[in-house]
Amino acid sequence: MTDVRRVVAPNPGPYTGPGTNTWLIDAGPVWVVIDPGPDDDSHLAAINRALGAKAVAAVLVTHSHPDHLPLAERFGAEHRATVHRFPVLADGDVVRAGNLNITALHTPGHSADHMSFWLPADQALFTGDLVLGRGSSMVTYPEGDVAAYLRSLERLLALNPRVLYPGHWDEVTDAMGKLAEYRSHRLDREAQVRAELGRGPGTARELTGRVYGNDLGEELAQAAEMTMRAHLRKLVDDGAARIRVGRGEDVFEPVS
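Note that the coordinates shown come from a computational prediction; the quantities given were computed from them, not determined experimentally. (Residues numbered from 1 in each chain as written. Predicted model: local features only at pLDDT ≥ 70, side-chain atom pairs only at ≥ 80, totals over all residues. Heavy atoms only, no water.)

Considerations on the pattern of salt bridges
Short version of the rule: Salt bridges are defined by distance alone: a side-chain nitrogen of Lys or Arg within 4 Å of a carboxyl oxygen of Asp or Glu. A helix here means a DSSP run of H or I that spans at least four residues, while a strand means a run of E at least two residues long, and both kinds are numbered starting from the N terminus. Partly exposed residues are those whose accessible area sits between 20% and 50% of the maximum for their type, while under 20% is buried and over 50% is exposed, using a 1.4 Å probe and protein chains only.
Going through the model one piece at a time under the given rule, you end up with 18 salt bridges. In this structure, the salt-bridge partner of Arg 155 is Asp 91, at a minimum N-O distance of 2.7 Å. Of this pair, Arg 155 sits in helix 3 (residues 146-159) while Asp 91 is found in the loop between strand 5 (82-84) and strand 6 (94-97), placing the two residues 64 residues apart along the sequence. The partly exposed category is assigned to Arg 155, whose relative accessible area is 32%. Glu 190 is the partner of Lys 234 in a salt bridge, and the nearest nitrogen-oxygen pair spans 3.1 Å. In this pair, Lys 234 sits in helix 6 (residues 218-237) while Glu 190 sits in helix 4 (residues 175-199), placing the two residues 44 residues apart along the sequence. Among the residues examined, Glu 190 registers a relative accessible area of 10% and is labelled buried. The structure contains a network of salt bridges with shared partners spanning Glu 190, Arg 194, Lys 234 and Asp 238.

Structure, rendered in structure tokens:
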């Protein structure tokens, strides 16, 4: 089995958990590094300590969010390693480094530029923020796309992975169970939104309160509303809901 090591960035928070995972993949004579993370001197030093004397052949980035990308160019330049990320790195491209071949998979949904990385020899998937080690991934309007997210999960399920290395929290050894859990969670949320629309139309904010409750803190309430808007966009695109333009906010109503 390929040796995979983790360095956790010092950026814990409600959306990052303990911090962003930087994954180091042992490719024999060299390393491959996934998601160098935030541009933080202490994190850079921690990665370099973990690398030891062996060179870095490639830097891969799952997506451009500020807890995953910013250190990549600086780290790559320091190690004279090429940084690979969307859109220059395209779906199906194979990154060859040392004794490993790593396949890039375009897996949008959490973000439009999201990539996952597949190590077929180990049936290992590096999932970025598409699938986390704990909790659920954010799929929020306008960047998040629920339909694309579900398609990306189906694609990963079809690979039958053994282990997931997520962007936050610990590795997942029950890979298929976790992917199925994420798919069920997203479909259950869509069913909740459909059911609530069936009880009566409402603005995105009103529907958020009806589905999630009104006792969320300000930050979580905003995230919940952006998630609701992403689900409503899918239902409108599917022809299951429509928008009625009101004097203030748009009102969403079901299509019978």
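What to know about the sheet that holds strand 10 (residues 163-166)
Inclusion rule: One bridge is not enough; two strands pair if DSSP finds at least two bridges between them. Under this scheme, a helix contributes an axis fitted over its contacting stretch, all axes are lines through C-alpha atoms, and angles between N-to-C directions fall in the 0 to 180 degree range. Any two residues having at least one pair of non-hydrogen atoms within 4.5 Å are treated as being in contact.
On the basis of which strands lie adjacent, the open sheet formed by five strands has the order 6-7-8-9-10 and mixed pairing. Either end of the sheet is taken by a strand with one partner, and the two such strands are strand 6 and strand 10. For this sheet the average axis-to-axis angle between neighbouring strands, irrespective of direction, equals 25°. Along the sheet face, helix 3 touches strand 7 (100-106), strand 8 (115-119) and strand 9 (124-128) and points at about 150° away from the line of strand 7.

Quick look at the pairing of strand 9
For the record, the criterion: A right-handed crossover is one whose linking path, passing over the helix from the first strand to the second, runs clockwise when the strands point away from the viewer.
A large share of strand 9 lies buried, amounting to five of its five residues. Both faces of strand 9 are covered, namely the face carrying Ala 124, Phe 126 and Gly 128 and the face carrying Leu 125 and Thr 127. Pairing geometry for strand 8 and strand 9, over three bridges, is antiparallel. By the bridge assignment, Leu 119 is partnered in strand 9 with Ala 124. Here strand 8 folds back onto strand 9, and the loop between the two strands holds four residues, one of which, Gln 123, carries a positive phi near 50°. Bridge count between strand 9 and strand 10: four bridges; the pairing is parallel. In the strand pairing of strand 10, Ala 124 is matched with Val 163. With helix 3 bridging strand 9 and the parallel strand 10, this β-α-β connection has right-handed handedness.

Considering the packing of helix 4 against helix 5 (residues 204-212)
In plain terms, the rule: Throughout, the term roughly parallel applies to angles under 35 degrees, roughly antiparallel to angles over 145, roughly perpendicular to angles from 65 to 115, and oblique to all others. The hand of a helix crossing depends on one turn: near helix anticlockwise from the far one by less than a right angle means left-handed, and clockwise means right-handed. Classification used: nonpolar for Ala, Val, Leu, Ile, Met, Phe, Trp, Tyr, Cys and Pro, charged for Asp, Glu, Lys and Arg, polar for all others including Gly.
The geometry of helix 4 relative to helix 5 is characterised by a closest axis approach of 10 Å and an angle of 115° between their N-to-C directions. Considering their axes alone, helix 4 and helix 5 lie roughly perpendicular with respect to each other. Crossing angle aside, the handedness with which helix 4 passes helix 5 is right-handed. For the pair helix 4 and helix 5, the contacting residues are Arg 189, Gln 192, Glu 196, Leu 197 and Arg 199 in the first and Leu 207, Arg 210, Val 211 and Tyr 212 in the second. Class assignment of the residues belonging to the contact of helix 4 with helix 5 gives a composition of four nonpolar, one polar and four charged.

Some words on the side chain of Asn 21
This is how it is decided: Two N or O atoms form a polar contact when they lie within 3.5 Å of each other; inside protein one atom must be a possible hydrogen donor and the other a possible acceptor, and for residues adjacent in sequence the pair counts only when both atoms belong to side chains.
If you trace the backbone, Asn 21 turns up in strand 2 (residues 21-26). A polar atom in the side chain of Asn 21 sits 3.0 Å from the backbone oxygen of Pro 166. Within the local environment of Asn 21, its side chain forms a polar contact with the backbone oxygen of Trp 169, the two atoms lying 2.7 Å apart. Setting aside anything within four residues of it in sequence, one finds Asn 21 in contact with Arg 6, Val 7, Val 8, Ile 34, Asp 35, Pro 166, Gly 167, His 168 and Trp 169.

Focus on unusual backbone geometry
Going from Phe 86 to Pro 87, the amide bond is cis rather than trans, its omega being 5°. Relative to the helices and strands, Pro 87 is located in the loop between strand 5 and strand 6. You will see that Asp 35, though not glycine, has its phi angle at about 60°, which is positive. Assignment of secondary structure puts Asp 35 in the loop between strand 3 (30-34) and helix 1 (41-51). Note on Asp 35: relative accessible area 2%, which makes it buried. Backbone geometry at Gln 123 places phi at a positive 50°, although glycine is not the residue there.

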